[in-house]
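Report on the structure
Here are the chains, one letter per residue:
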Amino acid sequence: MSLFQAPSRQVLFCDFDGPIVDVSERYYRTYRLGLSTLQASHQERHGESLTLQPLSKKQFWCMKRNRVADTEIAFRSGVPEGLIETLLQQVKRIVNHPHLLQWDTLQPGAETAIHQLKRMGLRLVLVTLRHPRQVQAFLQANDLSQHIDEIFGASDMNAAHLNRAEQKVALLERAIATQNSQGYQTHPTCMIGDTEADIIAGQRAGIATVALTSGIRSQEYLRRYQPTSIEPNLLKAVQSRPMTQVLQVA
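Everything numeric in this text was worked out from a predicted model, so none of it was measured. (Residues numbered from 1 in each chain as written. Predicted model: local features only at pLDDT ≥ 70, side-chain atom pairs only at ≥ 80, totals over all residues. Heavy atoms only, no water.)

Structural notes on the pairing of strand 7 (residues 208-212)
Cut-off, in case you're wondering: For every residue, the accessible area obtained with a 1.4 Å probe (protein chains only) is divided by the maximum for its type, and the residue is called buried under 20%, exposed over 50%, and partly exposed between those limits. Helix numbering and strand numbering both begin at the N terminus, where a helix is a DSSP run of H or I of at least 4 residues and a strand a DSSP run of E of at least 2. When DSSP locates at least two bridges between a pair of strands, those strands are taken to pair. We call a crossover right-handed when, viewed with both strands directed away from the observer, the connection leading from the first strand over the helix to the second proceeds clockwise.
With respect to burial, strand 7 is a largely interior element, five of its five residues being buried. When strand 6 (residues 190-193) meets strand 7, the two strands line up parallel, connected through four bridges. Counterpart to Ile192 in the pairing with strand 7 is Val210. As a crossover connection, the stretch from strand 6 through helix 10 (residues 196-205) into strand 7 is right-handed. Taken together, the three bridges between strand 7 and strand 8 (residues 229-231) define a ladder with parallel strand orientation. Along strand 8, the bridge assignment pairs Ala211 with Ile230.

Next up, the structure:
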């Protein structure tokens, strides 16, 4: 069977942040806003300025991609040890604020990849730690809602920021069970994502895992989890050999 003759009832599972959405600007602006708020609060309470050394976006994102702890990022930004937890709580509170969500953008090539998947006849199911309302709002704003068949998201607005692997495992299990109950084909299939949570979830489910370096983890970090393959972005993943093999077996 050729790549473009996949059965119409075959399901492909994909993460949202990373594969489809670039969150780097939002995360960086959240970090900078958190630092600014911390400085203002300190000035108000103690009447003295708090000298910080904000990281550049390149430095910040490199640390995030290599899983440097948020406490370490705060420390390297000059935040006193006693104020680090205050900063982290502030970031957690504001990271999903609409003012910051507006900085999320569509990943280059993601729209083309989604259209290609639909031309292949695949059922595209998103499995994400984002709240479904946020996902729908972004998809509608980018005219992509009609191309996504189902969304399995987290009820906790902060789940994506925390990125707990066990939550992703449970979501993917529920997504697979639901698709099976509806008569769709879930084996063979792939789980496409950009973090260790996606790889672990796919491996636990016994399906192929395609890790993307376009998101919040570096290639070196993703390699530790031994995904089926590592690709630079969603479009390359759609065209990759593992994906072709999965569709040929189906």
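Some thoughts on the packing of aromatic side chains
Which entries qualify depends on this criterion: The criterion for an aromatic pair is that two Phe, Tyr or Trp rings (for Trp, the six-membered ring) have centres within 6.5 Å, with stacked assigned to planes under 30 degrees apart, edge-to-face to planes over 60 apart and tilted to the rest. A ring is considered to have a charge above it if a Lys NZ or an Arg CZ atom is located within 6 Å of its centre and within 35 degrees of its normal.
The full count for this structure, using the stated rule, is six aromatic pairs. Judged by centre distance (5.6 Å) and plane angle (55°), the ring pair of Tyr28 and Phe60 falls under tilted. Separated by 32 residues along the polypeptide, Tyr28 in helix 1 (residues 24-46) and Phe60 in helix 2 (residues 57-65) bring together distant segments of the chain. Like Tyr28, the residue Phe60 is buried in the burial classification. Their ring planes at 50° and their centres at 5.6 Å tell us that Tyr221 and Tyr225 sit as a pair that is tilted. Judged by its relative accessible area of 8%, Tyr221 is buried. A relative accessible area of 25% means that Tyr225 is categorised as partly exposed. Between Arg29 and the ring centre of Trp103, over which it is positioned, the NZ or CZ distance is 3.4 Å. Arg123 extends its terminal NZ or CZ atom over the ring of Tyr184, reaching a point 4.0 Å from the ring centre.

A word on the environment of His97
The test is simple: Two N or O atoms form a polar contact when they lie within 3.5 Å of each other; inside protein one atom must be a possible hydrogen donor and the other a possible acceptor, and for residues adjacent in sequence the pair counts only when both atoms belong to side chains.
With respect to the element layout, His97 can be found in the loop between helix 4 (84-94) and helix 5 (98-101). Sequence separation of His97 and Phe16 is 81 residues, and the distance between their C-alpha atoms is 18 Å. One polar contact links the side chain of His97 to the main-chain amide nitrogen of His99, over a distance of 2.9 Å.

Here's the deal with the nonpolar core
Put simply, the test is: For our purposes a nonpolar core is just a set of buried Ala, Val, Leu, Ile, Met, Phe, Trp, Tyr and Cys residues, chained together by side-chain atoms within 4.5 Å.
Counting 47 residues, the largest nonpolar core has Leu126, Ile192 and Leu234 as its most contacted members. Counting residues per element, this core draws most heavily on helix 1, which supplies five residues.

Section: unusual backbone geometry
Here His187 and Pro188 are connected by a cis peptide whose omega angle stands at 0°. Counting through the fold element by element, Pro188 comes out in the loop between helix 9 (165-181) and strand 6. Despite not being glycine, Arg67 has its phi angle at roughly 65°, a positive value. Within the secondary structure layout, Arg67 lies in the loop between helix 2 and helix 3 (70-76). On the basis of relative accessible area, Arg67 is assigned to the partly exposed category, the value being 40%. The phi dihedral of Gln226 is positive, around 50°, even though this residue is not glycine.

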